[in-house]
Amino acid sequence: MADVIERRAIHRLLVANRGEIARRVFRTAREMGIATVAVHSEGDADAPFVRDADQAVALGGRTSAESYLDIGKIIDACRRSGADAVHPGYGFLSENAGFAQAVLDAGLIWVGPSPAVIAKMGDKLSAKAVMAEAGVPTLPAIELKKRTDVRQAARKIGYPVLVKASAGGGGRGMRVVAEEADLEAAIDSARREARGAFGDDTVFLEKWLDRARHVEVQILGDQHGSLVHCFERECSIQRRHQKIIEEAPSPAVDAALRNAMCEAALSAARVLGYASAGTVEFLVSGGEFWFLEVNARLQVEHPVTEAIIGRDLVREQIRIAEGEPLSFRQSDLAINGWAIEARLCAEDPSAGFLPSPGALVAWRPSPVGGARFDSGVEPGAVVSPDFDAMIAKVIVHAATRREAASRLARSLETTEIQGLVTNRDFLVACLRHEAFLSGDTTTDFIARCAPATRRRPDPGEIKRAVIAATLEGQVRRRAAARVLRSLPSGWRHTTTPDEQIQFMLDGITVAVSYRMDRSNVFRIEVDGETHAARIRARDGEGLEVDIDGVRERFRIRARDASWFVHSRLGDLELVERPRFPPPQSEAETGRLTAPMPGVVFAISVASGDQVTKGQVLMVLEAMKMEHRIVAPHDGRITELKVAVGDQVTNGQLLLQIET
Amino acid sequence: MPVLDTHLDTRSEVFLKNRTDMLEMIEEMNQLGAEAARGGGDEAVARLRARGKLPIRERISHVLDRDSPFLEISALAAWRSSYTVGSGFVMGVGVIENVECVILGHDPSVRAGAFNPFNAKKLMRGLEIARVNRLPYVQFVESAGGDLSGDRSEDPEAAIRREVDHFAESGRLFYEISELSKLRIPTISVVFGSSTAGGAYQPGMSDYTILIQNQSQVFLGGPPLVKMATGEDADVESLGGADMHATASGLGDYLARDEMDAIRMCREVVGHLNWRKRGPEPAADFAPPIHDPEGLLGLVSRDLRQPFDVREVIARIVDGSRFEEFKPLYGPTLVCGWATLHGYPVGVLGNNGALFSESAEKAAQFIQLCNQIDTPLLFLHNITGFIVGTDFEQGGITKNGSKMINAVSNSTVPHISIILGASYGAGNYGMSGRAFGPRFTFIWPTAKIAVMGPKQMAGVMSIVGRASAERRGQAFDEAADAKRAAHVEHWAEERSKGLYATSRVSDDGMIDPRDTRTVIAMALSACFSNDVKGAKEFGTWRM
């Protein structure tokens, strides 16, 4: 560390990232009077974060590798926009020492720890060695070199073992192996994923603790040698080794443990000469803790810490990079209340949390519950299969943990999200689960407690949604009428059949018939019961309806045959059945289509091949995960419609099997 | 434009009595309407459904744009006759793919869709509405043909003697379908069942035909007639099945799998017509009447001798209750003036008493003015006739009445007649009665249409009889006269009733007074499908 710290104010900050974190950093930069620059891939050209920035530079390219991971392009973007500093966000190049160095070499300010620290901590194995030397407890681990006897290594550590990518992060390139038979396959697969995600397929084995907790300590260090911790966060609620619910403080950490862990984190930071925001991750079990890794960057879940200490961590990061001292001391910090964050993702919890990219028909953060929404999306946004499936982080800060959990659940429940399958219902179920509420949160929480993956709307709610959608449809049809538009809806002066319409919800058909009477009241029969409904107000997508004397507000959107109905009870998608039979439908047998957009990664069959039921025919890669296309029945491949490397859209025909 | 005031006391005894009577009459009308909608009854409808077929009202509902209005015409045809109420036939103006069309069809649940004098009249009226208003014509064909069974309750000789119709005059319907096509008014037939003999020309003469597999049958002669004519044993499908017509004869343009598929195709055909209405669009911004249309229920008394101010009606049907009255101080028994209705301009003529020379002359002038500015006319009838008497004859009431009738006859802007109460004698003519070709005529339940009031008619007969007896020097049989007068009065009264008039398809239907504004709006919109052009020439004005 230099004796004289150069203070250099940042005037124009480029964020080498996308989505919510880019917006998050821009927000603080704006508040600090710093101009902002976004960079973006081809697909992100119209993304909200791009419009949020004062300037935006197109990087070109569709994939991460072609855009957000291309150091040369980003340095060039700095030059072209006149940016004098780079914030890497999290993920992408945030922990790439080469990038940090390139930024510094270009004469720019790097908002993050030094390249040397990043390099040291980027390799998880060497990080563990450094920590062990500093006296921080670590779990046994063995690097898998080319000639390592993997079976012996695993046996030495003892099953279950965790295969972990050394360069990993975000849960990618991690596999838990319970028995020897699965070991090699898990290692191969982890290596493949690591190579794809980080360009480095080094993996190691580590002891896996089944009922442990993931607790981490936020640290901040400035270039003047000041170092503080900002207490702990617990991030044990995970699926696919990725956090989905995080909180601060941890319900499992008492003052003594907190003290020990925070001290361990500080000594780790001290050893490293850490000068930025960082996180020291630990595994906690039975009052003991072990070092996992250091994240030399801002964490996704940093807002829960910001909430309980009442400070802006991005602001501190920027100040540190400018050479300013920390704006507070350790003694200034105290834990205030409780904060919980949930990661809202476009994924299907009932299908193994498979990403479900697509277009967001509606997105309206709920005003109920007073939550903070850090999101990268706006209505109409497309959640791309090329990047992470997170839509938003929703954070609630409350006096108590129970209140935070209940308000967060309500915030999620009343947020309007339509058009995509998300983990929202699942998050709500987690937050309301007795085990969660009692603080019984270990990394196996999801497997152990199996919270409901989907909410089951009750018949009353469905009925009201159906009535609201019917009325909205009627309003829209009347407004779109090109003749006799000013006449009363569905006006008749003789006895004629009522208007009829059918909706589908979860495979069940709901039949509706209705007619408007002389006083503009709709008599609506739903499943044999008649209701009286009247539209009280309508503006934009908001519809206020009085149904049998109970007034309620709905927000309704339509796309194709779908009606997306939002009420204070949540969101429903009703699919209107076609009024008429479609013109001659074609036979649909033996057609295998892409379950989601992605890239064809591997094809294991050729046209004319005989295949058996369950056989893997093709592997798609989408959202950095592999999806296998298997034969639904025995048969012969009659047509192969795609080749390796092809980009496929949702529902695209991949191949045809004839029985 | 000034806003009309109201002087209606909705709490008065008279109002409440009128309202009660009106609601009673509306109830009767609705009951009959429901009966008409039941068609051939539950059993017949169930049999229909069992064969995958739909009742005519459902077919029509499915073809219409969702939530669009439908103006049914002559729903109560054939009431008080030996045929089913409604005549087993539905006809009206509705919207298909944003195009206003005439849609009609037989009800297969009523005597297998057989023709009768009432539904034949309705069908012809449908063709007329399509022609004069330039509306695409959609017919749902399914008819057993002419009802050959006749009325078996009657002595055949009496029936023969009573008949004035003859086959030689039949077939006009096919001429008119063809004429529509010539006028470039599209004609579309969807054949839902059998369309035999003359009926085969219904699809045959249409621009477009849609047939349904294993359901439609179109042939000049069915198997029995073929057998009679040539001895051939023909099977129905190869004689006139939908598949045959789609693949072999070329009579079928579209081949549907089932009824819903056929209805979908019908909508698609209308959708491609590239249809443009000719008349100008209505103004988009207008207000509903400020006076509650509920007030219309208590305005007209069952006893038509009780007068009411027709402005109270105008105030409840025109936009914003705004009415610019023309010559209010001259000929005050006829109220004339301008208003808009659902944004359409309209010249209104409403009766406030018998027609005098001044009112007739005012009408003639007003009708000419509306023709000068291409503005449709709305006639609100409550007219006992032109005033009679020596002074009035000497004052030229016949001459001046002729002017009014000349103006009405030669006016070329659309006329819409609403009969609120009385519509008697030449008053009916002057107010553009049915025979004067108004585009649409609707009546309130309180309407009475006749040459004169029943009491007047009985009295006239009695006076004439007495005079005749005197001339012949015979004693006048008072008892017989009283009996005859009662008979005449009953006969005239029953035949003058609105329900009877509407059952004879001598108007387009009876309506709830509260629907008046909406009915007129639909009628005007239909009129504006065609050019709305006033007359440049009228007949000779008797001066």
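The structure displayed is predicted, hence computed values, not measured ones.

What counts, and where the lines are drawn
Residues numbered from 1 in each chain as written. Chains lettered and ligands numbered in written order. Predicted model: local features only at pLDDT ≥ 70, side-chain atom pairs only at ≥ 80, totals over all residues. Heavy atoms only, no water. Helix = DSSP H or I, 4+ residues; strand = E, 2+ residues; numbered from the N terminus. Rg over C-alpha atoms; globule rule 2.2 N^0.38 Å. Contact = heavy atoms within 4.5 Å. Buried < 20%, exposed > 50% of the residue type's maximum accessible area, 1.4 Å probe, protein only. Areas by Shrake-Rupley, 256 points an atom, 1.4 Å probe, with all protein chains shown as cover. Lys, Arg positive; Asp, Glu negative; His and termini not counted. Charge placed at Lys NZ, Arg CZ, Asp CG, Glu CD. Phe/Tyr/Trp six-rings, centres within 6.5 Å; stacked < 30°, edge-to-face > 60°. Salt bridge = Lys/Arg side-chain N within 4 Å of Asp/Glu carboxyl O. Domains from an automatic or database assignment. Buried area = accessible area lost by both parts, 1.4 Å probe. Polar contact = N/O pair within 3.5 Å; in protein donor to acceptor, adjacent residues only side chain to side chain. Nonpolar A, V, L, I, M, F, W, Y, C, P; charged D, E, K, R; others polar. Pairing = 2+ DSSP bridges. Axes fitted to C-alpha atoms, helices over the stretch in contact; angles between N-to-C directions. Expected span 1.5 Å × (residues − 1). Disulfide = S-S within 2.5 Å. Parallel < 35°, antiparallel > 145°, perpendicular 65-115°, else oblique. Left-handed = near helix turned anticlockwise from the far one by under 90°. Core = buried A, V, L, I, M, F, W, Y, C linked by side-chain atoms within 4.5 Å. pLDDT = per-residue confidence, 0-100.

1. Structural notes on the overall build of chain B
At step 1: When you go through chain B residue by residue, the secondary structure sums to 20 helices and 15 strands.
At step 2: Over its C-alpha atoms chain B spans a radius of gyration of 25 Å, differing by no more than 12% from the 24 Å that the globule rule assigns to 543 residues.
At step 3: Dimensions of chain B, computed from the C-alpha atoms along their principal axes, are close to 75 × 65 × 50 Å.
At step 4: Here the contacts in chain B between residues at least 6 apart in sequence split such that 75% fall between residues at least 24 apart.

2. A word on the overall build of chain A
At step 1: Scanning chain A from terminus to terminus reveals 16 helices and 39 strands.
At step 2: For chain A, the C-alpha radius of gyration of 27 Å lies close to 26 Å, the compact-globule estimate for 659 residues.
At step 3: Dimensions along the principal axes, computed over C-alpha positions, put chain A at roughly 95 × 60 × 55 Å.
At step 4: For chain A, buried positions account for 56% of its 659 residues.
At step 5: In chain A, once contacts between residues fewer than 6 apart in sequence are set aside, the share between residues at least 24 apart is 62%.
At step 6: In the structure as shown, chain A presents an accessible area of about 26300 Å², 48% of it carried by carbon and sulfur atoms.
At step 7: In chain A, the 84 positive side-chain charges and the 90 negative ones have mean positions that sit 4 Å from each other.

3. A look at the packing of aromatic side chains
At step 1: In total, this model carries 20 aromatic pairs over all chains according to the counting rule given.
At step 2: A ring pair is formed by Phe353(A) and Phe426(A), whose centres lie 5.1 Å apart and whose planes are at 75°; its orientation type is edge-to-face. Of this pair, Phe353(A) sits in the loop between β16 (347-348) and β17 (354-355) while Phe426(A) sits in helix α13 (residues 424-431), placing them 73 residues apart in sequence. Assigned by exposure class, Phe353(A) and Phe426(A) land together as buried.
At step 3: The interplanar angle of 35° and the centroid separation of 4.7 Å between the aromatic rings of Tyr344(B) and Phe528(B) together place this pair among those described as tilted. Of this pair, Tyr344(B) sits in strand β11 (residues 344-351) while Phe528(B) sits in the segment after α20 (516-527), placing them 184 residues apart in sequence.

4. Description of the environment of Pro325(A)
Residues and elements named next belong to chain A.
At step 1: You can see Pro 325 is positioned in the loop between α11 (313-321) and β15 (338-345).
At step 2: Of the residues examined, Pro 325 reaches a relative accessible area of 28% and is grouped as partly exposed.
At step 3: Taking the C-alpha atoms as reference, Pro 325 lies 37 Å from Thr 442; in sequence the two are 117 residues apart.
At step 4: Apart from residues lying up to four places away in sequence, Pro 325 is in contact with Arg 7, Asp 222, His 224 and Arg 319.

5. Comments concerning the pattern of salt bridges
Oppositely charged side chains are able to pair whenever their charged atoms sit close together.
Residue and element names in this part refer to chain A.
At step 1: Within the structure shown, the criterion is met by 102 salt bridges over all chains.
At step 2: Put simply, Glu 378 and Arg 23 hold a salt bridge, and the shortest N to O gap is 3.2 Å. With Glu 378 in the loop between β20 (372-375) and β21 (382-383) and Arg 23 in helix α1 (residues 19-31), the pair connects residues that are 355 residues apart, well separated along the chain.
At step 3: Residue class for Glu 378 comes out partly exposed when judged on its relative accessible area of 29%.

6. Notes on the domain arrangement of chain A
Residues and elements named next belong to chain A.
At step 1: We note that the domain assignment places domain 1 (12-111), domain 2 (140-207), domain 3 (213-449), domain 4 (459-576) and domain 5 (591-658) within chain A.
At step 2: Carbon and sulfur atoms supply 42% of the area buried between domain 2 and domain 3, which totals about 550 Å² over both sides.
At step 3: Where domain 2 touches domain 3, the interface holds zero residue pairs in polar contact (both at pLDDT 80 or more).
At step 4: Only β7 (161-169) and β8 (172-177) provide two or more residues apiece to the side of domain 2 that touches domain 3.
At step 5: Considering every element that reaches the side of domain 2 that touches domain 3, the biggest residue donor is β8, with three residues.
At step 6: Among the residues making up the side of domain 2 that touches domain 3, the classes are represented as three nonpolar, two polar and three charged.

7. So, the sheet that holds strand β39 (residues 653-658) of chain A
Residue and element names in this part refer to chain A.
At step 1: Taken together, the four strands give an open sheet; going across it, the order is β32-β39-β37-β34, and neighbouring strands pair in antiparallel fashion. Both edges of this open sheet fall to β32 (591-593) and β34 (610-611), since each of them pairs with a single strand only.
At step 2: Two elements, β32 and β39, share three bridges in a ladder whose sense is antiparallel. Within β39, the residue paired with Leu 592 across the bridge is Leu 655.

8. Notes on the sheet that holds strand β24 (residues 499-505) of chain A
Residue and element names in this part refer to chain A.
At step 1: With respect to topology, eight strands assemble into a closed barrel ordered β24-β25-β26-β27-β28-β29-β30-β31, the strand pairing being antiparallel. Within this sheet the neighbouring strands show an average axis-to-axis angle of 35°, counted without direction.
At step 2: As paired elements, strand β26 (residues 522-526) and strand β27 (residues 529-539) share five bridges and run antiparallel to each other. Looking at β27, one finds that Val 526 is bridged to Glu 529.

9. Comments concerning the environment of Leu54(B)
Residue and element names in this part refer to chain B.
At step 1: Assignment of secondary structure puts Leu 54 in the loop between α2 (42-50) and α3 (56-63).
At step 2: With a relative accessible area of 16%, Leu 54 lands in the buried category.
At step 3: Remark: the alpha-carbon pair of Leu 54 and Thr 398, spanning 344 residues in sequence, is separated by 55 Å.
At step 4: Aside from chain neighbours lying at most four places away, what touches Leu 54 is Leu 48, Arg 49, Arg 59, His 62, Pro 108, Glu 259 and Met 260.

10. A look at helix α16 (residues 459-480) of chain A
All names here are of chain A.
At step 1: A rise of 1.5 Å per residue sets the reference length of α16, with its 22 residues, at 32 Å; its end C-alpha atoms lie 31 Å apart and thus fit the reference within 8%.
At step 2: In terms of burial, α16 is largely enclosed, as 16 of its 22 residues are buried.
At step 3: One side-chain oxygen of the residue at the start of α16 lies 2.8 Å from the amide nitrogen of Gly 460, identifying that residue as Asp 458.

11. Brief notes about helix α6 (residues 172-182) of chain B
All names here are of chain B.
At step 1: Among the residues of α6, Leu 173, Phe 174, Glu 176, Ile 177, Glu 179 and Leu 180 are the ones counted as buried.
At step 2: Packing partners of the buried residues in α6 comprise α4 (117-133), β4 (137-143), β5 (187-196) and α7 (201-204).
At step 3: Note on α6: the residue one or two positions beyond its end, Arg 184, has a positive phi of about 60°.

12. Some remarks on the environment of Thr495(A)
At step 1: Here Thr495(A) is to be found in the loop between α16 and β24.
At step 2: Its relative accessible area of 33% is what places Thr495(A) among the partly exposed residues.
At step 3: Leaving out residues up to four positions away in the same chain, Thr495(A) has contacts with Asn30(B), Gly33(B), Ala34(B), Ala37(B) and Arg57(B).

13. Thoughts on the interface of chain A and chain B
Often, the extent of an interface is quoted as the loss of accessible area on bringing the components together.
At step 1: Between chain A and chain B, the residue contacts involve 32 residues of the former and 44 residues of the latter.
At step 2: Summing the contributions of chain A and of chain B, the shared interface buries around 3300 Å²; its carbon and sulfur component is 53%.
At step 3: Linking chain A with chain B are four salt bridges, by the criterion used here.
At step 4: Counting the contacts that link chain A with chain B gives 21 residue pairs in polar contact (both at pLDDT 80 or more).
At step 5: For the side of chain A that touches chain B, the elements supplying multiple residues, two or more each, are α16 and β24 of chain A.
At step 6: With four residues, the single largest contributor to the side of chain A that touches chain B is α16(A).
At step 7: Looking at the side of chain A that touches chain B, its residues break down into 14 nonpolar, 10 polar and eight charged.

14. Examining unusual backbone geometry
Residues and elements named next belong to chain A.
At step 1: Residue Pro 160 is reached from Tyr 159 by a cis peptide bond, and omega for that bond is -5°.
At step 2: Mapped onto the elements of the fold, Pro 160 is located in the loop between α7 (150-157) and β7.
At step 3: A cis geometry characterises the amide bond from Ala 248 onward to Pro 249, with omega recorded as -5°.
At step 4: Structurally, Pro 249 can be placed in the loop between β12 (242-248) and α9 (255-272).

15. With respect to the state of the cysteines
At step 1: A complete count under the given rule lists zero disulfides over all chains for this structure.
At step 2: Cysteine Cys266(B) is unpaired, with the sulfur of Cys101(B) as its nearest cysteine sulfur at 7.7 Å.

16. Describing the packing of α3(B) against helix α11 (residues 259-271) of chain B
Residue and element names in this part refer to chain B.
At step 1: Interaxial distance between α3 and α11 falls to 9 Å at its minimum, and their mutual angle equals 45°. With respect to their mutual orientation, α3 and α11 come out oblique. With respect to the hand of their crossing, α3 and α11 are arranged in right-handed fashion. Listed contacts from α11 to Arg 59, His 62 and Val 63 of α3 are Glu 259, Met 260, Ile 263, Cys 266 and Arg 267.

17. Observations concerning the nonpolar core
At step 1: In terms of nonpolar packing, the biggest core is built from 90 residues, with Leu14(A) and Phe282(A) touching the most fellow members.
At step 2: When we break this core down by domain, the ones giving at least three residues each are domain 1 (12-111) and domain 3 (213-449) of chain A.
At step 3: In terms of nonpolar packing, the next biggest core, distinct from the first, is built from 79 residues, Leu123(B), Leu173(B), Val310(B) and Ala526(B) among them.

18. Comments concerning the confidence of the model for chain B
At step 1: When pLDDT is averaged along chain B, the result is 94, and 99% of the positions lie at 70 or above.
At step 2: Scored as a complex, the prediction yields pTM 0.85 and ipTM 0.95.

19. Examining the pairing of strand β29 (residues 550-559) of chain A
Along any regular strand, the residues point their side chains to alternate faces of the sheet.
Residues and elements named next belong to chain A.
At step 1: In terms of strand pairing, strand β28 (residues 542-547) meets β29 through six bridges, oriented antiparallel. By the bridge assignment, Leu 543 is partnered in β29 with Phe 554.
At step 2: Following β28, the chain reverses through two residues before pairing antiparallel with β29; Asp 548 in that reversal takes a positive phi of roughly 50°.
At step 3: Turn length for the β29-strand β30 (residues 562-567) hairpin, with the two strands adjacent in sequence and antiparallel, is two residues, and the turn residue Asp 560 shows positive phi of about 50°.

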